[in-house]
Amino acid sequence: FFALLKWTFIWAFFATFLNYILGMLLAMLINSKGIKIKKFWRTVFVITIAVPQFVSLLLMPQLLADNGSLNVLLKNWGLVDSSIKFLTDGNLAKITVIVINCWVGIPYTMLITSGILMNIPADLYESAEIDGAGPWVKFRKITLPYMLHVTTPYLITQFVGNLNNFNVIFLLTGGGPLSLEYHQAGKTDLLVTWLYKLTVEQKDYALASTLGIIIFVISATLSLIVFKRTTQQGQEGEFN
């Protein structure tokens, strides 16, 4: 249980904050002054959202299998001698699901942060440039604090949602690769996918009920933290 709980929190952390940071950087890149045809680049990433997520997630296991298209190409090009076990090696499978989640999640974050970036007062950047601030200082002192000020409730909500992100894990790896270290669970199983297996496949309703209560307590606690934060903050204040 504790090994899967640890992996669940690791997954939720990286699935939330990698998407957030990379999506924000992508939005900043598209909105920067030197980039041309900005509408085209935004449209390209919007089109990726138009493809249903489950289609991408069902396609990826075929591409990343030991004898899948990607491994065949890598071997034909002479880059590897043997297949890379993207989904059949425990540690590598965990990295793979995090990377694939970025593939399907970054465009959403890009759209959200693009709108916020356009609302940051331009005079803040102009004042920073007069004071001699470079791109990194402007990002650290202006862009990032402003983004966090607006999107902190969204971030916490996403984190809670990723704790119970059933689709990505189940459709990519099915919780595998299997392991004798866990009870009816695989290396990439989250608590929610483990609960599904205990209920549907193993009919172990007693253990599944206990696990369901634990998941509810964890999710409810984090949701109450979000509620408390948003009610205390009230309406969005002025950014300083």
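For the structure, check the block above.
Residues numbered from 1 in each chain as written. Predicted model: local features only at pLDDT ≥ 70, side-chain atom pairs only at ≥ 80, totals over all residues. Heavy atoms only, no water.

A.B. asks: Provide a residue-level description of the packing of helix α1 (residues 2–31) against helix α5 (residues 90–118), including the pertinent values.
C.D. replies: Closest axis-to-axis distance for the α1/α5 pair is 6 Å, and the angle between their directions is 45 degrees. Looking at the two axes, α1 sits oblique to α5. For the pair α1 and α5, the crossing hand works out as right-handed. A class-by-class count of the residues in the contact of α1 with α5 yields 19 nonpolar, 8 polar and 1 charged. (Axes fitted to C-alpha atoms, helices over the stretch in contact; angles between N-to-C directions. Helix = DSSP H or I, 4+ residues; strand = E, 2+ residues; numbered from the N terminus. Parallel < 35°, antiparallel > 145°, perpendicular 65-115°, else oblique. Left-handed = near helix turned anticlockwise from the far one by under 90°. Nonpolar A, V, L, I, M, F, W, Y, C, P; charged D, E, K, R; others polar.)

A.B. asks: A description of the pattern of salt bridges should follow, citing residues and the corresponding values.
C.D. replies: Per the counting criterion, the structure on display carries 4 salt bridges. For Glu181, the salt bridge identified is with Lys187, shortest N-O distance 3.2 Å. Look at Glu181 and you get exposed, because its relative accessible area is 58%. Across the pair Lys197 and Asp189 runs a salt bridge whose closest N-O atoms are separated by 2.7 Å. We note that Lys197, like Asp189, is buried. (Salt bridge = Lys/Arg side-chain N within 4 Å of Asp/Glu carboxyl O. Buried < 20%, exposed > 50% of the residue type's maximum accessible area, 1.4 Å probe, protein only.)

A.B. asks: Give a detailed account of a nonpolar patch on the surface, specifying residues and quantitative values.
C.D. replies: Taken together, Ile10, Phe13, Phe14, Phe17, Leu18, Ile21, Leu22 and Leu25 make up a surface patch of nonpolar side chains, about 600 Å² in accessible area. Looking at the secondary structure, you find Phe13 in helix α1. Using a relative accessible area of 40% as the deciding quantity, one classes Phe13 as partly exposed. (Patch = residues over 30% accessible without salt bridge, like charges linked within 9 Å, V, L, I, M, F, W, Y side chains within 5 Å. Areas by Shrake-Rupley, 256 points an atom, 1.4 Å probe, with all protein chains shown as cover.)

A.B. asks: Could you give an account of the side chain of Lys138, with specific residues and numbers?
C.D. replies: In this structure, Lys138 sits in helix α7 (residues 135–163). A polar atom in the side chain of Lys138 sits 3.1 Å from the side chain of Glu129. Ignoring anything within four residues of it in the chain, the contact list for Lys138 reads Tyr125, Ala128, Glu129, Ala133 and Thr143. (Polar contact = N/O pair within 3.5 Å; in protein donor to acceptor, adjacent residues only side chain to side chain. Contact = heavy atoms within 4.5 Å.)

A.B. asks: Now, about the nonpolar core: what can you tell me, with residues and values included?
C.D. replies: Ranked by internal contacts, the top residues of the largest apolar core, which has 22 residues, are Trp7, Trp11, Leu57, Val97, Ile100, Leu172 and Leu190. Put simply, the parts of the chain that give this core at least two residues each are α1, α3 (53–64), α5, α7 and α8 (166–172). With 17 residues, the next largest nonpolar core counts Met24, Ile106, Ile120 and Ile142 among its residues. (Core = buried A, V, L, I, M, F, W, Y, C linked by side-chain atoms within 4.5 Å.)

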